[in-house]
Amino acid sequence: MKKTAKVRRLTISVIMILALALTGCGKAKAPASDTVQWFNNTYAVLTVLNERDCRVYSGGSPNIAEKALARALLENSWDVTDRASAEESLQWLLDEGHRIPLAEELAYLSEIGLADVSEEERTEAILSNFDLDEEQAGQYAAWFSLYEQYGEDAAAAWDYSRAMWLLSYYYLADYYTLEESLDQSLALAETIQTTFGSWDDFMESYFAGYEYWSEESSDERRDIYEDLKSSSDNPFALDWNTTLEKTW
């Protein structure tokens, strides 16, 4: 009789422990603040694509189930399996990413005189000199306009957006502490904020990087961005020039 009662107590205790773990009891959560929402906005389009909440840091609440999902996604998409590989992937985005090879191609177009061609005629000029279809030529013409404005940072938002997303998922996956992820996000956010002048500018650079990387149209992601801006609780209503400060 005593043995049965003991077993029941143990079973109940195990269930309670699992329940607490699955709800993330005891794991710190990012505070709701303008600074943290600013971070969220930099990768909001991807968050929506992943069917997550772009108004919550990392898109979800920290718990065992989310940790497992985050680790699986990081491994499948980034070959990230531990802290060392996490830092390697992040550093690659910060040092090179896709903005550098694209900038090299655009620099070549500048060298051969594309800057001297009017914006209206650039697509045709590219078509005449390279084995590209009209859509690809149009993309390069658009990217070149960004290159004239931002130089090698023409597609930097694509790399920076993914770096901000990785930092949030490193926290969710338990490779970084919350403070580590937020501290590094703050440093990168300050770089982003001084590189671009508005959410629209940032997103144009993001779309350019996505198109270059995927070799596909960015229409779906553009639609998500526009939908978010037209929503009743538009996260991009947050001023681009919001003072970014440590609130955690």
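Residues numbered from 1 in each chain as written. Predicted model: local features only at pLDDT ≥ 70, side-chain atom pairs only at ≥ 80, totals over all residues. Heavy atoms only, no water.

Caption draft 1: View of the packing of aromatic side chains. For the structure on display, the rule yields 23 aromatic pairs. Relative to Y210, the ring of W158 lies with its centre 5.6 Å away and its plane at 70°, an arrangement referred to as edge-to-face. With a gap of 52 residues between them, W158 in helix α9 (residues 156-172) and Y210 in helix α11 (residues 199-214) connect regions that are remote in the sequence. Neither W158 nor Y210 differs from the other in exposure class; each is buried. When the ring of W199 is compared with that of F202, the centres are 6.3 Å apart and the planes differ by 85°; the resulting orientation is edge-to-face. (Phe/Tyr/Trp six-rings, centres within 6.5 Å; stacked < 30°, edge-to-face > 60°. Helix = DSSP H or I, 4+ residues; strand = E, 2+ residues; numbered from the N terminus. Buried < 20%, exposed > 50% of the residue type's maximum accessible area, 1.4 Å probe, protein only.)

Caption draft 2: Representation of the environment of G59 within the structure. The topology assignment puts G59 in the loop between α3 (44-49) and α4 (64-78). A relative accessible area of 8% means that G59 is categorised as buried. Distance in space between the C-alpha atoms of G59 and S168 is 8.5 Å, their sequence separation being 109 residues. Look past the residues within four positions of G59 in its chain and what remains in contact with it is T47, R52 and D53. (Contact = heavy atoms within 4.5 Å.)

Caption draft 3: Structural detail: the nonpolar core. Among the nonpolar cores identified, the biggest contains 71 residues, and W38, Y57, L74, L106, Y170 and I192 are the most heavily contacted of them. The element that contributes the greatest number of residues to this core is α9, accounting for 13 residues. The residues touching Y170, leaving out its near neighbours within four places in the chain, are L74, V80, A86, S89, L90, Y175, Y176 and S181. (Core = buried A, V, L, I, M, F, W, Y, C linked by side-chain atoms within 4.5 Å.)

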